[in-house]
Amino acid sequence: MLRQGETLILSDNKKYTVASTTILENKNYVCLIEQTDYTNIMFCEYINDELFEVTNQEIIEKLMIIFRNNLNYTID
């Protein structure tokens, strides 16, 4: 699993930081934020050292809640 704070360069040749990680329904997910454009946020499933962008709106909504709660916990 990837670690929070880790830097990745994806196929678009942009650098992303792993903002948060979680397990949802026995699957590993990460929240990535582009380092030069903080509005570019991506949710990906992590399978066998590969990232697959999540496009299912229902899963994205669940992940947003989890990652927001993780961020709030970190700040407190």
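Everything quoted here is computed from the prediction, not taken from an experiment. (Residues numbered from 1 in each chain as written. Predicted model: local features only at pLDDT ≥ 70, side-chain atom pairs only at ≥ 80, totals over all residues. Heavy atoms only, no water.)

Student: Would you mind going over the pattern of salt bridges with me for this structure?
Tutor: It is possible for side chains bearing opposite charge to pair when their charged atoms get close. Tallied over the full model, the rule gives 2 salt bridges. Residue Glu58 is joined to Lys62 by a salt bridge in which the shortest nitrogen-to-oxygen separation is 3.7 Å. Of the two residues, Glu58 and Lys62 both sit in helix α1 (residues 57-75), 4 residues apart, roughly one turn of that helix. Residue classification places Lys62 among the partly exposed positions, given a relative accessible area of 32%. Through salt bridges with shared partners, a single network forms among Glu25, Glu58 and Lys62. (Salt bridge = Lys/Arg side-chain N within 4 Å of Asp/Glu carboxyl O. Helix = DSSP H or I, 4+ residues; strand = E, 2+ residues; numbered from the N terminus. Buried < 20%, exposed > 50% of the residue type's maximum accessible area, 1.4 Å probe, protein only.)

Student: Sorry if this is basic, but what is going on with the pairing of strand β4 (residues 41-47) here?
Tutor: As a general feature of sheets, a regular strand has side chains that alternate between the two faces. Burial within β4 is extensive, with 5 of its 7 residues counted as buried. With 5 bridges connecting them, strand β3 (residues 27-34) and β4 associate as antiparallel partners. For Val30, the partnering residue across the bridge sits in β4 and is Cys44. In this structure, the hairpin formed by β3 and β4 is closed by a connection of 6 residues. Relative to strand β5 (residues 50-53), β4 runs antiparallel, the two sharing 4 bridges. Paired with Cys44 across the bridge in β5 is Glu53. (Pairing = 2+ DSSP bridges.)

Student: Please explain the environment of Phe43 as it appears in this structure.
Tutor: Secondary-structure assignment places Phe43 in strand β4. Separated by 23 residues in the primary sequence, Phe43 and Ser20 place their C-alpha atoms 9.7 Å from one another. Those residues in contact with Phe43, other than ones at most four positions away along the chain, are Val30, Cys31, Phe52, Glu53, Val54, Ile60, Leu63, Met64 and Phe67. (Contact = heavy atoms within 4.5 Å.)

Student: What exactly am I supposed to notice about the sheet that holds β4 here?
Tutor: What links the strands of a sheet is backbone hydrogen bonding, and the strands pair in either a parallel or an antiparallel sense. Spatial ordering of the open sheet is given by β1-β2-β3-β4-β5, a layout of 5 strands whose pairing is antiparallel. Strands at the two margins of the open sheet, each flanked by one partner only, are β1 (7-9) and β5. For this sheet, the mean angle separating the axes of adjacent strands, direction not counted, is 45°. Where strand β2 (residues 15-24) meets β3, 8 bridges bridge the pair, whose relative direction is antiparallel. The residue of β3 that forms the bridge with Leu24 is Lys27. (Axes fitted to C-alpha atoms, helices over the stretch in contact; angles between N-to-C directions.)

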